[in-house]
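An overview of the molecular structure
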Amino acid sequence: MTRTSTFAPPIALAHARRRLLNPSTVLVSIALAIAGCAAPTGEDLQGASSEEGEVEAPDAVNAVGRASSALASSSYAWGFAKVDPSSPSLSSAFAFNSAGRVNSYSGSAGVYTVTMPDLGVSGGTVQVVAAGASSTRCKVASWRPSGSALLIDVRCHSPSGVPSASPFVVFFNKGFTDTTYYVQRGAHVYYSGTSVVASHSWNSTGGINTVTSAATGTYTATLAGLAFSNASVHVTAVGADAKYCKIGGWSVVGANAVVRVRCFDTAGNLAPSDFTLSYSYGTPRSYMVGGHAWVSGPTSAPASYSASQHAFACGTTAPITVSGYDFVRYPDTSVAGVPTMALATAYGSDANYCKLASWSPTGTGFGVVMRCFTPAGVWNTSTSFTSSLMAGTYPSPC
C-alpha cells in the first residue's frame, strides 16, 4: 500500500487561483508565515532493516521571487540542469539559475563542464545523477568559481569505467539560513576522503557535520541538530575516476541525523571515495514545489519517509505513488512555465546503482521513470532508492 505525508510550506494561504508567485507576494506571504507558523517536526528512525514536453522558462525575476543580481547574492545561489549530449543547448524545461541567467554546458564523450553564470560563489555542494535508459553512471569531478560563473565538471562512465557519453542531471546548492526569504532546513557535506571540507559543509542548525569511516568504503555522516528523518537524501561520488556511492541507510540518533554512505569500484567492491551528501527537508532545497520518496518496494513509498508539496499550498494532498520499482508519480506538482529537476540515489547494502531514465508531466503532476543496475550494468528491478522532484518555485497560495 502506498502512503505519503505532507510538509507545510512557509507561504500564507491567500488568493484562490493558480499562478506563479511574484516577488511582492512571496515576501509578504513568507513574512506572515514566519511570524505565525511553527516549523513542522520530523520523524524518528529510518530503514531499521537496512545495514546500513518543454515549457517556457521563467523571466528575469525568477519564479522564487528573487530579482536577478550579480552573483545571485553569496547566500542565495543555486541551480540545476539536465544535460543531453545529443543537443547543443539545455532545455528551459529542465534548467534553473537563481540569478535568472541561462546555464550552458560543453564537452563530449563522458567529459563535461556545466556553466552557471553569476553563481560563482564560494562553498556549496553538487549532486549529479546519470539520466537515460542505458547503464552509464555519472558523478561530479570538481566544481569551482570562475569569475562570476560557477563551473561544474562532470564525468560519466560505462559500468566497466570507460568514459562514455551520457545525459545527466546536475544540482548546485549554496546552503543558507535567511529568514528574509525562507528558512532552509537540512545540511550538505563535501567529504574529501580524509575529512569534511569546512568551506563546503553547511548545516541549517549551525551544528557541525562530521564523517567517520570504520571500514574501507563505508562512511557515517553525523549532521548535528537535524532531528528529522523524513528527508530528501542523496549522495554523489567526487573525482575523475569511475567509483560511485549510494545511501546505506539513515536514522535519527539523539538530536542528530546519521547517514550511512557506501562507495564502490567498478567491480562492485567497497572502495574509498570522496563524496558529497545532501540532506534536506521536503525537497533538495527546502519548501519548493515537489517532494521526495524512499522507494523500498515495488509499490511502496513509506509515509514516514516520503513527503509531497503540491503546486497549491492548501487543499487535499494526493499521495506519491510507486509502480514496479521503476515509476514514481508526484501529483499536482506541474506549474506552467517553471522548470523541474529530478534526483535519484540507490539505497541498501549491495553494490547496485540507480539513475533517472526520464521524468515528464503526467496529468497535473510528474512521473519519474527509474533504472537500477548491478555493478556489471545488468538492469535490476528490485533495487531500493531515494527519489526527489523539485520545481523552481514555491507553492502558490490559494
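Shown above is the structure to which this text applies.
Cut-offs applied
- The residue numbers shown here count from 1 along each chain, following its written sequence.
- With the structure being a predicted model, the display of local features is reserved for residues of pLDDT at least 70 and the display and counting of side-chain atom pairs for 80 or more, all residues being used for whole-chain, interface and lining totals.
- In computing side-chain values, all of the structure's heavy atoms are included and hydrogens and water are not.
- Residues belong to a common nonpolar core when they are buried Ala, Val, Leu, Ile, Met, Phe, Trp, Tyr or Cys residues joined through side-chain atoms within 4.5 Å.
- Relative accessibility thresholds used throughout: buried, under 20% of the residue-type maximum; exposed, over 50%; partly exposed, between the two (1.4 Å probe, protein chains only).
- Helix and strand assignments come from DSSP, with helices taken as H or I runs of at least 4 residues and strands as E runs of at least 2, each series counted from the N terminus.
- Pairs of residues are marked as contacts when any of their non-hydrogen atoms sit within 4.5 Å.
- Any Lys or Arg side-chain nitrogen found within 4 Å of a carboxyl oxygen on Asp or Glu counts as a salt bridge.
- Any pair of cysteine sulfurs within 2.5 Å is marked as a disulfide.

This paragraph deals with the nonpolar core. Residues Trp 78, Leu 356, Trp 359 and Val 368 are the most contacted members of the largest nonpolar core, which totals 35 residues. Looking at this core, the elements that each hand over two or more residues are strand S2 (78–83), strand S9 (168–173), strand S20 (290–295), strand S23 (327–330), strand S24 (340–346), strand S25 (353–362), strand S26 (365–373) and strand S27 (385–391). If you tally residues by element for this core, the top one is S24, at five residues. Not counting residues up to four positions away in its chain, the partners in contact with Trp 359 are Lys 82, Phe 94, Val 169, Thr 340, Met 341, Ala 342, Phe 366, Gly 367, Val 368 and Leu 389. Residues Val 211, Phe 228, Trp 250 and Tyr 287 belong to the second largest nonpolar core, which totals 28 residues.

Evaluated as defined, the whole model comprises four salt bridges. Measuring nitrogen to oxygen at the nearest pair gives 2.5 Å for the salt bridge that ties Lys 246 to Asp 350. Here the residue Lys 246 occupies a position in strand S17 (residues 244–253), and Asp 350 occupies one in the loop between S24 and S25, the gap between them amounting to 104 residues. Judged by relative accessible area, which is 36%, Asp 350 ranks as partly exposed.

With that settled, consider the pairing of strand S16 (residues 231–238). A large share of S16 lies buried, amounting to eight of its eight residues. Residue alternation in S16 divides its side chains into two sets, Ala 231, Val 233, Val 235 and Ala 237 and Ser 232, His 234, Thr 236 and Val 238, and both sets are buried.

Let us look at the side chain of His 157. When you line up the elements, His 157 lands in strand S8 (residues 149–157). The residues contacting His 157, other than those within four sequence positions of it, are Thr 136, Arg 137, Lys 139, Val 162, Pro 163, Ser 164, Ala 240, Asp 241 and Ala 242.

A few words now on the state of the cysteines. Applying the stated criterion across every chain, the model contains three disulfides. Disulfide pairing places Cys 138 opposite Cys 156 at an S-S distance of 2.1 Å. Around the S-S axis, the bridge from Cys 138 to Cys 156 shows a dihedral of about 110° and counts as right-handed. Of this pair, Cys 138 sits in strand S7 (residues 137–146) while Cys 156 is found in strand S8, placing the two residues 18 residues apart along the sequence. Cys 156 carries the same exposure label as Cys 138, and that label is buried. Sulfur-sulfur distance for the disulfide between Cys 245 and Cys 263 comes to 2.1 Å. Here Cys 245 and Cys 263 share a disulfide; its torsion about the S-S bond, 105°, makes the bridge right-handed. Here Cys 263 lies in strand S18 (residues 256–264) and Cys 245 lies in strand S17, a separation of 18 residues in the sequence.

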